[in-house]
Structures are given as C-alpha cells and as structure tokens.
Amino acid sequence: MTQTLGGPLRVLPEPTGTPLPDSQDERPPLIRRTEVVTFTLVALLVILLVGLLYVGKPFFLPMVTAFVVGTMVSPAASFLERFRIPRAVSAVLIVTLGLGTVIFMIGLISAPLIEWSSRIPEIGSLLRDKLHVLDRPLQMWRQIQSSLSGSESLPQPSVQMPKIDWVFEFLSPTLTEVLLFLVMLVLFVAGWKDLRRSLVMNFAGREARLRTLRILNEIEGSLGAYLLTVTVINLCYGAATGLLCAAAGMPNPAGLGALAAVLNFIPIIGPFVMFVIMTVVGIISMPTLGAGLLAPFGFVLLTFFEGHFITPTIIGRRLSLNTLAVFITLAFWTWLWGPMGSFLASPLLIVGLVLKEHLMPEDSPQLPGSD
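A brief look at the structure comes next. Source: prediction; values computed, not measured.

**Regarding the overall build of the protein**
Then, in step 1: Summing up its helical and strand segments, the protein has 14 helices and two strands in all.
Then, in step 2: The proportion of buried residues among the 371 residues of the protein is 30%.
Then, in step 3: Sequence-distant contacts, at least 24 apart, represent 69% of the contacts inside the protein between residues at least 6 apart.
Then, in step 4: Taken as a whole, the protein presents about 25,300 Å² of accessible surface, with 71% of it coming from carbon and sulfur.

Structure below.
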C-alpha cells in the first residue's frame, strides 16, 4: 500500500510469478575440472615415483636404508659427543660395532647352513621317509583335483625338494650396494647435525622452522626408541628360542636362536619363515615326527606371547602400529625392495605417521565411543 503526493492511498498489486517446483535431484555437485586435473597429476606423480624407486633399487635402497638406520643411531652418536668424542669418530665406531654384530650373527647362522647344504640329497631322502605318512592324504587330494578337472593327473613323488637358487638371488645384496650403504651411513651419522640445521634454516618463517625442528626431533626420537626396544626384545626372543631348541634336543640351538632374533626384525614374515625352518630341521634331526614338531609348536606359543603381550607392553601406545597398516606397508615394501624393504616397512610407517600428525593435525571432534 502506498500514498501518492496529494492524493488518496492506492493499493499496488502484489508481484505474481510461477513458483519453482521443489527439486528432487539429490545428486552431488559436479567435480570441478581443476580437482580432476590435480588428482590425475598426483596419481601420475605417485606412479612415476614408485616406478623410479623400483627401477633405481641399486641406488635408492642403500640410500634410504642409510637414512633410516642413521636416524636410528644418531642419538647414540650424540651421546658419545658428550664424552668429547668427535661425531665423525662416533659414526665410524657405531658402524663398525654394528657391522661386527651382523658378522657375528651371520657366523652363527652360516655354520649349520654350510653343513646342511652339503647334505641336500641325504636331507631329501630323510624328508621323504619321515613324511611318508602324508602320502595317502596327498594321493586323495590329487584324486579330488583330477575328478574336478576331469583329467587324470600323472603320479608325483610324495616330497619334492624345491629349487632354492632364486632364494639366494632374492636375499643376497650386491657388494656395491653394501659398500654404498656403509659409506652413506657413516657420512649421514657424521653430518646429521649440520644437515638438520640446514633443513630447519631452509624455511623463512619462525613457525615453519619450529614445526620442522619438532618433526625432525620426533622422527629421530621415535626411530631411536623403536630400534632400541625392538633390538632388546629380539635378543631376548632369540635367547628364548635357543633355550627352547636346546630343551627339545634340536641341533645347533645357538644358531637357531640367532636366526630367530634376526628374522624377528621383519614383522609377520620373519617368524613364519623361522617356523618353517624349525619344522624342517626338527623333522630331519629328530627320530619321530612328533618329537620334530615339538620345538616348532613351542616356538608358535612363544611368538604369540611375544607379539600380543610383551612387545605391545614394552613399546607402548606411542609406537604401537595398526596391524592392517603394518601388513599393507610390509607387503608393498617387500614387493618393491625385497627383504630390506620388509625391514624398512615399520620405520617408514612411523615416519609417515609422524609427518601426518604434524602436517595434518586432527582438529575435528571425535565420534562418541572412539576413545
């Protein structure tokens, strides 16, 4: 309603129009083209990076291993610096001590391996004799397979010795890779303080520098604590395995204990390989099949107790990792770099979690019951 100048009030008509119908389309908005391009570029970058790491394994594997191991042992070099020992000398001492320990463990393991490798034909006949009880179940399994496939299968021997040439090719690194790793490790430990200072000062802002320093300190502390606790646990684990083998009458219990301690650095895969080795050694060396399986099943109980109670209690929640994440990371790095990739899987996962906590903090509230 409005009033004209010097005239009566007039009622203006309300604007009319056709109302829009309620939209029933619940589809999400279209993805912007920039987001598609960004996702595609990131995916291509990841694929190229994985391909580069796979093709350049002879160079990148020693380098990454030296960086990870060097970060683990850097607290030891800092500790020796308090006693006025130069950091370069500390690096040489630490690498020499670690190399001597590895050579000692290899010596304990290699002695029985050399002896057994010369008796492979005899070991094959012993396995066929001991596992003769499995001939009938295997024959029934072949009959089931042949009936399902509709073709008669040829007779096969009860026990076949697998070819192990590819195993040694898979396990043994080249001399060039070992030398490159040792040189990089010494140089990394000796120059880690200067390298860390350069990384921090590379950022212009004070907040960015503090964040980088916190990330580096937490990575160094987490990896150092992981190496120390896992090493102590594995040494005790190997000693318990050796005592178990000695109590069961297994040959060379010290070598088997050392092998168990070394393989336990590789999560999931290492204990499984150790169980297979103990089973084969027990069947070959013990007079009966039951006596040969006594130590392996005791080892299974020991591994279960160590993996579910001892290690989580000692390491604590800070370094405890999700089992699925560990398995996926382990499978990826083992496929990419073999046994050394298995060793690097957990430390690299720890580094990734530290970076995620600092670069992508969780500010959103948690769901009820998620504590």
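**Overview of unusual backbone geometry**
Then, in step 1: Not every positive phi belongs to a glycine, and Arg84 is a case in point at roughly 60°.
Then, in step 2: Along the chain, the position of Arg84 falls in the loop between α2 (57-81) and α3 (87-117).
Then, in step 3: Among the residues examined, Arg84 registers a relative accessible area of 79% and is labelled exposed.
Then, in step 4: Positioned with a positive phi, Asn252 is a non-glycine residue whose angle comes to about 50°.
Then, in step 5: Within the element layout of this structure, Asn252 appears in the loop between α8 (206-248) and α9 (253-263).
Then, in step 6: Its relative accessible area of 31% is what places Asn252 among the partly exposed residues.

**Focus on the nonpolar core**
Then, in step 1: Ranked by internal contacts, the top residues of the largest apolar core, which has 33 residues, are Leu185 and Trp337.
Then, in step 2: Listed by contribution, the elements that provide at least two residues to this core are α2, α3, α7 (175-201), α8, α13 (323-337) and α14 (339-359).
Then, in step 3: For this core, the element with the most residues is α2, which contributes 10 residues.
Then, in step 4: Ignoring anything within four residues of it in the chain, the contact list for Leu185 reads Ala66, Val69, Gly70 and Val95.
Then, in step 5: By size, the runner-up hydrophobic cluster in this structure holds 17 residues, among which are Cys245, Met250, Leu259 and Leu263.

**Re the environment of Val262**
Then, in step 1: Following the sequence through the fold, Val262 ends up in helix α9.
Then, in step 2: Ignoring sequence-local partners within four residues, the contact set of Val262 consists of Met105 and Ile109.

The rules behind these values
- Residues numbered from 1 in each chain as written.
- Predicted model: local features only at pLDDT ≥ 70, side-chain atom pairs only at ≥ 80, totals over all residues.
- Heavy atoms only, no water.
- Helix = DSSP H or I, 4+ residues; strand = E, 2+ residues; numbered from the N terminus.
- Buried < 20%, exposed > 50% of the residue type's maximum accessible area, 1.4 Å probe, protein only.
- Contact = heavy atoms within 4.5 Å.
- Areas by Shrake-Rupley, 256 points an atom, 1.4 Å probe, with all protein chains shown as cover.
- Core = buried A, V, L, I, M, F, W, Y, C linked by side-chain atoms within 4.5 Å.

Interpretation note: all reported values are geometric properties and have no functional meaning in isolation.
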